[in-house]
Amino acid sequence: MKKTLIAATLASAALCGADSAGAQEIQITQPGSMSSVIGNPNNFTGHVVVDLLTPPSTETPASSGLVTFAPRARTAWHTHPAGQMLIVTAGKGWVQQDGQTRREMKTGDVVWIPAGVRHWHGATGTTGMSHIAITYIRDGKNADWMQLVTDQEYDARQ
Ligand code: MN
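Basis of the calculations
Residues numbered from 1 in each chain as written. Predicted model: local features only at pLDDT ≥ 70, side-chain atom pairs only at ≥ 80, totals over all residues. Heavy atoms only, no water. Helix = DSSP H or I, 4+ residues; strand = E, 2+ residues; numbered from the N terminus. Buried < 20%, exposed > 50% of the residue type's maximum accessible area, 1.4 Å probe, protein only. Contact = heavy atoms within 4.5 Å. Areas by Shrake-Rupley, 256 points an atom, 1.4 Å probe, with all protein chains shown as cover. Donors = N, O, S within 2.8 Å, 3.2 Å for Na, K, Ca; no water. Phe/Tyr/Trp six-rings, centres within 6.5 Å; stacked < 30°, edge-to-face > 60°.

Peer 1: Kindly report on the overall build of the protein chain, identifying the contributing residues and their values.
Peer 2: Counting its secondary structure elements, the protein chain contains two helices and 12 strands. Of the regular secondary structure in the protein chain, the N- to C-terminal order runs α-β-β-β-β-β-β-β-β-β-β-β-β-α. Counting over 158 residues, the protein chain shows a buried share of 41%. Of all intrachain contacts in the protein chain linking residues separated by at least 6 positions in sequence, the fraction that spans at least 24 positions is 73%. Carbon and sulfur atoms form 56% of the exposed surface of the protein chain, whose accessible area is close to 8600 Å².

Have a look at this one:
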């Protein structure tokens, strides 16, 4: 996810006291308690909305967010330095590993993207898709962003 989001999540982690010593408490966050963020056009094509679910902390170097893609919307090509898990919560989408055919993912599917694997994910050409992304952090970073996925790449079946 984009740098500003990471900065926001780290600030939010500090606010929650997640890094402070002593007993910590279970937190329950209500929907809508944090602002939705429009996907940064440097990292996403089309209409994408990102809702942060949980920020990273020192003990738990991972963030989670709900990402909603309109039809044809997708991430840019990118890698994750410590991997990413996607849980599809609505609709149908595509995920493609560089050098392989794009694959379909649908509600309920769990997708593991290993560290360093160049890939993109997004909606299909005709259906929207939402996934929860749990993204692990290494050296303060959860993604390395690359080129946008061109329409030609997006529409290719192989
Ligand atoms: Mn990814």
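Moving on, there is more to tell.
Peer 1: Residue-level account of the coordination of the manganese ion, with values.
Peer 2: Protein coordination at the manganese ion comes from His 78 (NE2), His 80 (NE2), Gln 84 (OE1), His 119 (NE2) and His 121 (NE2), with a distance range of 2.2 Å. Given the relative accessible area of 3%, Gln 84 is considered buried.

Peer 1: Summarise the packing of aromatic side chains; cite the residues concerned and give the values.
Peer 2: Two measures describe an aromatic ring pair: the distance that separates the ring centres and the angle between the ring planes. Counted by the stated rule, this structure contains five aromatic pairs. Summarising the aromatic geometry, the rings of Trp 94 and Tyr 154 are spaced 5.1 Å apart at their centres and angled 55° between planes, so their arrangement reads as tilted. In this pair, Trp 94 sits in strand S7 (residues 84-97) while Tyr 154 sits in helix H2 (residues 151-155), placing the two residues 60 residues apart along the sequence. For Trp 94, a relative accessible area of 13% translates into the label buried. By relative accessible area, which is 0% here, Tyr 154 ends up buried. Each ring, one from Trp 120 and one from Tyr 154, has its centre 5.5 Å from the other, and the planes form 45°; the classification is tilted. Pair noted here: Trp 120 is in strand S10 (residues 119-123) and Tyr 154 is in helix H2, with a separation of 34 residues, a long-range link. Trp 120 gets classed as buried once you look at its relative accessible area, which sits at 0%. Every member of this aromatic cluster is reached through a ring pair, and the members are Phe 44, Phe 69 and Trp 145.

Spatial relationships are all this shows, so hold off on functional conclusions.
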